[in-house]
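Observations on the model geometry
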Amino acid sequence: MPEPSAIYFPLRSNAASLVAGVGVASVRRRLLLAALLHDRVLVESGFLRVAAGPTASQSFWMPSGGGAPTGWQSARSRGAAKHGSFYMAARLSSAPETDPMRVLSRSTTSLMWAATFEPFRHELPAEAAKWIEFGHVEDPPDAKDQARRWSFRDRSAPELKAAWPETFVRDVYVKGAHLDLATSAALGTALSFDGAHAPVLATMVRANEGAPVRGAGALALLVPTEFGWADVADIRKQPALVEYRAVIREVEAAALDGATSLADLERAIHEEYARRVEDASNKRAGRWASRGVAGLGLVAGVAADIALAGVPGAGTITGATLAGAEYMVGGELDRRARPRWLAIHSRIRRRS
């Protein structure tokens, strides 16, 4: 049997999309797909506020409850914040509380994020508690050291400077993504990030920090947009899900071999998947071995997956990549049986 897999949704690398409307819808879509592709989905609890401008930036996390906001930031609120300013002030810990705070930095606002996953708790079915876990983890010291090395290397990368000309704004994206990457690698989980952070992940891939993890892109194309949490719960009860995941990863890997653009990749995924379904349905190939997937392993490292057209703000990065997956056929073949993963295919198609 394959090792259990997990994917981590941190606030920093998803804050740009955690805004009411299309942004939240894109995050919900990634959560749904992650729950199909991975055994466990780890979601950061609490509330994150980030501000950045030409001359300063600040970020702080608050646990849920205790006065922390409980809803998603509106697009109007986020837009209005850009016309304001922010500052950071402090006093010595030994000073009396009556002493005035000293302003350490001040800036006009280029971005102001107020991000949380908390509202998702209220829409999840009860059984989701078995595979979606809310919590908070402090960045391990080794992860901080690794993130600093990456950020020092990439701070002047031309493509990142072009994406975010303001230094402090660029630091929010780059340092935040690097911290999340390093933390997820330390946890041994995949990492899901929003499309706004894609330039950082692209830089990591070009630096040969890892290889793509397959599956998320193909699922995004093959699973209908009206798929909901009740559908995910139903699919996760099916024993053939492990086999379906392996097929999806193989389909995406095969499609990537000849694709030269996102449109070409989308076409290739559809064609390769249709071929797999036709072969499994019409040729009635021998049953997949009851032993499940062989040759499936985890390799430490950092790897980025693709963000596909049709899935706004989608992206995935991993700190533990799949080395390979191969179905083995053994024992006596049952020519009357079809591969079990077709049952998952049929359930998904019924929602189309």
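Right, let's walk through the structure included here. (Residues numbered from 1 in each chain as written. Predicted model: local features only at pLDDT ≥ 70, side-chain atom pairs only at ≥ 80, totals over all residues. Heavy atoms only, no water.)

1. Here we look at helix α5 (residues 167-187)
The end-to-end C-alpha separation of α5 is 29 Å, in line with the 30 Å expected for 21 residues at 1.5 Å each. One or two positions beyond α5, positive phi appears at Gly188, with a value near 75°. (Helix = DSSP H or I, 4+ residues; strand = E, 2+ residues; numbered from the N terminus. Expected span 1.5 Å × (residues − 1).)

2. Re helix α9 (residues 241-258)
Under the 1.5 Å per step criterion, the end-to-end length of α9 is 27 Å for 18 residues, consistent within 8% with the ideal 26 Å. Turning to α9, its buried residues are Leu241, Glu243, Tyr244, Arg245, Ala246, Val247, Ile248, Arg249, Val251, Glu252 and Ala255. (Buried < 20%, exposed > 50% of the residue type's maximum accessible area, 1.4 Å probe, protein only.)

3. Focus on the pairing of strand β4 (residues 57-62)
Looking at chain direction, strand β3 (residues 47-52) and β4 are connected through six bridges and run antiparallel. Pairing of Val50 across the sheet is with Ser59, part of β4. The turn linking β3 back onto β4 is made up of four residues. (Pairing = 2+ DSSP bridges.)

4. With respect to the sheet that holds strand β7 (residues 111-116)
What the three strands build is an open sheet, ordered β4-β3-β7; its pairing is antiparallel. The outermost strands of the open sheet, each flanked by one partner alone, are β4 and β7. For this sheet, the mean inter-axis angle between neighbouring strands, taken without regard to orientation, is 5°. Across six bridges, the pairing between β3 and β7 is antiparallel. (Axes fitted to C-alpha atoms, helices over the stretch in contact; angles between N-to-C directions.)

5. Looking at the packing of aromatic side chains
Scanning the model with the defined rule gives nine aromatic pairs in all. Taking 5.0 Å as the distance between ring centres and 65° as the angle between the ring planes, the aromatic pair formed by Trp72 and Phe120 counts as edge-to-face. Taken together, the residues Trp72 in the loop between β4 and α2 (75-81) and Phe120 in the loop between β7 and β8 (132-135) connect sequence positions 48 residues apart. Since its relative accessible area comes to 1%, Phe120 is described here as buried. Measuring from ring centre to ring centre gives 5.3 Å for Trp113 and Tyr173, while their planes differ by 85°; the resulting arrangement is edge-to-face. Of the two residues, Trp113 sits in strand β7 while Tyr173 sits in helix α5, which places them 60 residues apart along the sequence. For the pair Trp113 and Tyr173, a shared accessibility class is recorded, and that class is buried. By way of ring pairs, the aromatic residues Phe9, Trp72, Phe117 and Phe120 are connected into one cluster. For the cation-ring pair, Arg121 lies above Phe134, with the distance from its terminal atom to the ring centre recorded as 4.2 Å. (Phe/Tyr/Trp six-rings, centres within 6.5 Å; stacked < 30°, edge-to-face > 60°. Lys NZ or Arg CZ within 6 Å of the ring centre and 35° of its normal.)

6. Quick word on the nonpolar core
A general trend in soluble globular proteins is that nonpolar side chains are found buried together. The biggest cluster of nonpolar side chains holds 80 residues, and the ones touching the most others in it are Val41 and Trp229. It is helix α1 (residues 22-37) that provides the largest number of residues to this core, a total of nine residues. With near-sequence residues (within four places) excluded, Val41 lies in contact with Ile7, Phe9, Leu31, Ala34, Ala35, Trp131, Ile132 and Glu133. (Core = buried A, V, L, I, M, F, W, Y, C linked by side-chain atoms within 4.5 Å. Contact = heavy atoms within 4.5 Å.)

7. Some remarks on the pairing of strand β2 (residues 40-44)
Counting buried positions over the five residues of β2 gives four, a clear majority of the element. As paired elements, strand β1 (residues 6-9) and β2 share four bridges and run parallel to each other. Across the sheet, Ala6 pairs through a bridge with Arg40, a residue of β2. Tracing the backbone out of β1, into α1 and back to the parallel element β2 gives a crossover that is right-handed. As judged from the four bridges shared by β2 and β8, these two strands associate in the parallel manner. (Right-handed = clockwise from strand over helix to strand, strands pointing away.)

8. Regarding the packing of α1 against α9
Helix-helix packing is described using two parameters, namely the angle between the two axes and the distance between the axes. Where α1 contacts α9, the axes come no closer than 9 Å and their chain directions differ by 110°. As summarised for this structure, α1 and α9 are arranged roughly perpendicular, according to the angle between their axes. Packed against α1, whose contacting residues are Ala35, Leu36 and Leu37, the element α9 presents Leu241, Arg245 and Arg249 at the interface. (Parallel < 35°, antiparallel > 145°, perpendicular 65-115°, else oblique.)

9. Quick notes on the packing of α5 against helix α6 (residues 198-206)
The geometry of α5 relative to α6 is characterised by a closest axis approach of 9 Å and an angle of 60° between their N-to-C directions. Judged by the inter-axis angle, α5 sits oblique to α6. The way α5 lies across α6 gives a crossing that is right-handed. Within the contact between the two elements, α5 uses Tyr173, Val174, Ala177, His178 and Leu181 and α6 uses Val200, Leu201 and Met204. Grouping the constituent residues of the contact of α5 with α6 by class yields seven nonpolar, one polar and no charged. (Left-handed = near helix turned anticlockwise from the far one by under 90°. Nonpolar A, V, L, I, M, F, W, Y, C, P; charged D, E, K, R; others polar.)

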